[in-house]
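This is what each chain is made of:
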Amino acid sequence: MVQILTGGPGSGKTKVLVQLVNTAAGSSKGNVICVEKKRKLVHEVTNRARLIATDDYAITGFDAFYGLLAGICASDHDITDIFVDATLRIGSRDAVELLGFLQKVSKLATTSDTAFTFTISAAEATLPTEIFDICKKIAA
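Residues numbered from 1 in each chain as written. Predicted model: local features only at pLDDT ≥ 70, side-chain atom pairs only at ≥ 80, totals over all residues. Heavy atoms only, no water.

Considerations on the sheet that holds strand β2 (residues 31-36)
So, step 1. Spatial strand order, β3-β2-β4-β5-β1-β6: six strands in an open sheet with parallel pairing. Both outer strands of the open sheet, β3 (49-53) and β6 (136-138), are each paired with one neighbouring strand and no more. Sheet twist, expressed as the mean angle between neighbouring strand axes with direction ignored, is 20°.
So, step 2. Sheet strands touched by helix α1 (residues 13-27): β1 (2-6), β2, β3, β4 (79-84), β5 (115-120) and β6. Its angle to β4, the strand with the most contacts, is close to 165°. (Pairing = 2+ DSSP bridges. Helix = DSSP H or I, 4+ residues; strand = E, 2+ residues; numbered from the N terminus. Axes fitted to C-alpha atoms, helices over the stretch in contact; angles between N-to-C directions. Contact = heavy atoms within 4.5 Å.)

Concerning the packing of aromatic side chains
So, step 1. All told, the structure shown has four aromatic pairs when counted by the stated rule.
So, step 2. Where F101 meets F118, the ring centres are 5.6 Å apart and the plane angle is 75°; that geometry is what we call edge-to-face. Residue F101 is found in helix α4 (residues 95-112), and its partner F118 is found in strand β5; the two are separated by 17 residues along the sequence.
So, step 3. Judged by its relative accessible area of 2%, F101 falls in the buried class.
So, step 4. The exposure class assigned to F118 is buried, which follows from its relative accessible area of 0%. (Phe/Tyr/Trp six-rings, centres within 6.5 Å; stacked < 30°, edge-to-face > 60°. Buried < 20%, exposed > 50% of the residue type's maximum accessible area, 1.4 Å probe, protein only.)

Considerations on the environment of I4
So, step 1. Here I4 lies in strand β1.
So, step 2. Classification of I4 by relative accessible area gives buried; the value is 0%.
So, step 3. For the pair formed by I4 and D94, sequence separation is 90 residues and the distance between their alpha carbons is 16 Å.
So, step 4. When near neighbours in sequence (up to four residues on either side) are disregarded, I4 contacts F118, I120, I131, F132, C135, K136, K137 and I138.

Regarding the side chain of T54
So, step 1. In this structure, T54 sits in the loop between β3 and α2 (62-75).
So, step 2. In this structure, T54 is in contact with V35, E36, K37, I59, F65, L68 and I90, ignoring residues within four places of it in sequence.

Considering the pattern of salt bridges
So, step 1. Under the counting rule described, the total for this entry stands at four salt bridges.
So, step 2. Here R39 ties to D56 by a salt bridge, and the two come within 3.0 Å at their closest N and O atoms. Here R39 is found in the loop between β2 and β3, whereas its partner D56 is found in the loop between β3 and α2, with 17 residues between them in sequence.
So, step 3. Its relative accessible area of 45% is what places R39 among the partly exposed residues.
So, step 4. A salt bridge links E124 to K137; the nearest nitrogen and oxygen atoms lie 3.6 Å apart. Placement of E124 in the loop between β5 and α5 (131-134) and of K137 in strand β6 is noted, with a sequence separation of 13 residues between them.
So, step 5. Accessibility expressed as a relative area gives 39% for E124, which makes it partly exposed. (Salt bridge = Lys/Arg side-chain N within 4 Å of Asp/Glu carboxyl O.)

Structural notes on the nonpolar core
Nonpolar side chains in soluble globular proteins generally cluster together in the buried interior.
So, step 1. Core analysis: the biggest nonpolar cluster contains 31 residues, and F65, L69, I82, F116 and F118 have the highest contact counts within it.
So, step 2. Elements with a contribution of two residues or more to this core: β1, β2, α2, β4, α3 (87-90), α4 and β5.
So, step 3. Here this core takes seven residues from α4, the largest share from any one element.
So, step 4. Filtering out sequence-adjacent residues up to four positions away, F118 remains in contact with V2, Q3, I4, L5, F65, L69, V84, T87, F101, L102 and V105.
So, step 5. Formed by 15 residues, the second largest nonpolar core is a distinct cluster that contains L5, V16, A25 and F83. (Core = buried A, V, L, I, M, F, W, Y, C linked by side-chain atoms within 4.5 Å.)

Written out as structure tokens, the structure is:
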């Protein structure tokens, strides 16, 4: 399953994501991962979730980002949830590239039996409609 939180800057996406991470970490029978661009959520995310900053690994672009997510799933079969903040700042602001990335992540979610949740800082109307065929929208 792939879920997305959309909305403009300051719409509360990150706050909702942190709540989802902390809830999942408290109830999951496996491991919970939170991915962000820079280490900003270290004091908000519970220590029961693994926090990964993509800048620590020089991850830029959707291809590298997908490789990171696939590698995380391949290295730990006990991961139940992966939450991602600032998806467009990690990948790119290109909507077509975002769609291709989410299509690949959808297959990865099925293969690895992992739930993915992404924040996307954009109005829903500016995103390709195909995204909503593969992703469930969560209200921020």
